[in-house]
Amino acid sequence: MQGKNIDIKLLVILAIISLTIVSAVYYTSHREITDPSVLIAKTVDASKDVNSYRFALSTNLSTPEGAVEMMSGDGCVDYRNKKLHTTVTAMNRSIEMVVIGDTAYVRESYGSWQTQNVSGYSGSIWESDQLAQQRSLLANATNVTMQKEENGWVLDIIPDREEVIEQMNRTGLETIKEEELIDFSIKYWIEKDSYHIMGIENKIELTMNIQGLVTPMKLNNSVKLYDYNKEMEIEAPI
């Protein structure tokens, strides 16, 4: 009888220890994040494991004369197979591009496809992709505020100025001079379970000399990202 009591006590102790371990693991992985640097680190790590995603984007320009939608578009990216498909409309012109490996297929306003080998700079296509850009901006951010929402977090970031200029140069905006950049801020929506970036909003304030007149401008760019790590059907045009 005494041996049986010892066995029962041992089982109870083991059960308590097991529950304690499970609770500790659960707390460690699900505890409330209060430090923006921790959230940024988790977001950067999560973006490195992305195989594919879809996106939709729009860019609006505001000047003293009014506002206009400069660009809108959507597409998908398949990192694993080095494939990309995007359609962008700008100034009443549409440009569709498909990248398969080292070959890019491009057509304007649903015209005939033009083929170009991009082996000389195909790496930069992937290095300057949305997620690669955001990893760099997040990793170099110093002025960060964080807000908790039901489905995740909102990060407000004023990124490093030099990093912003470098990103602009990578994406073909080298015509914008550093002294013309007045302000730049980014807002991220981060999903709570996956730490994936679900939305990005960039706000840029500029002053540009247009025909001798210094003109203030505001660029608002928004991107929605979704369907992470789902299979993408991207094929070369016939």
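What this report covers is the structure whose coordinates are included nearby. The model shown is predicted, which means the values in this text are computed figures rather than measured ones.

### Here's the deal with the packing of aromatic side chains
Within this structure, the stated rule accounts for four aromatic pairs. Pairing Tyr-53 with Tyr-79 gives two aromatic rings, centres 6.2 Å apart and planes at 40 degrees, and the pair type is tilted. One end of the pair, Tyr-53, is in strand 1 (residues 52–63); the other, Tyr-79, is in the loop between strand 2 (66–78) and strand 3 (83–90), and 26 residues separate them in sequence. Each member of the pair, Tyr-53 as well as Tyr-79, is classed as buried.

### Quick notes on unusual backbone geometry
Even without glycine at this site, Tyr-110 takes up a positive phi of about 60 degrees. You can see Tyr-110 is positioned in the loop between strand 5 (103–108) and strand 6 (114–117). Of note, Tyr-195 is a non-glycine position whose phi angle comes to about 60 degrees, a positive value. You can see Tyr-195 is positioned in the loop between strand 9 (181–191) and strand 10 (197–210).

### Some points on the environment of Ser-94
Along the chain, Ser-94 falls in strand 4 (residues 93–100). Relative accessible area serves as the criterion here: at 12%, Ser-94 is assigned to the buried category. Once you skip the residues sitting within four places of it in the chain, Ser-94 turns out to touch Val-88, Thr-89, Arg-107, Glu-108, Ser-109 and Tyr-110.

### Details of helix 2 (residues 36–48)
Over its 13 residues, helix 2 extends 19 Å from the first C-alpha to the last, a length consistent with the 18 Å expected when each residue adds 1.5 Å. If you check which residues of helix 2 are buried, you get Pro-36, Leu-39, Ile-40, Thr-43, Val-44, Ala-46 and Ser-47. Each buried residue of helix 2 lies within a common arc of 160 degrees when the element is viewed along its axis, so the set occupies one face.

Thresholds, definitions, all that
- Residues numbered from 1 in each chain as written.
- Predicted model: local features only at pLDDT ≥ 70, side-chain atom pairs only at ≥ 80, totals over all residues.
- Heavy atoms only, no water.
- Phe/Tyr/Trp six-rings, centres within 6.5 Å; stacked < 30°, edge-to-face > 60°.
- Helix = DSSP H or I, 4+ residues; strand = E, 2+ residues; numbered from the N terminus.
- Buried < 20%, exposed > 50% of the residue type's maximum accessible area, 1.4 Å probe, protein only.
- Contact = heavy atoms within 4.5 Å.
- Expected span 1.5 Å × (residues − 1).
- Arc of directions from axis to C-beta.

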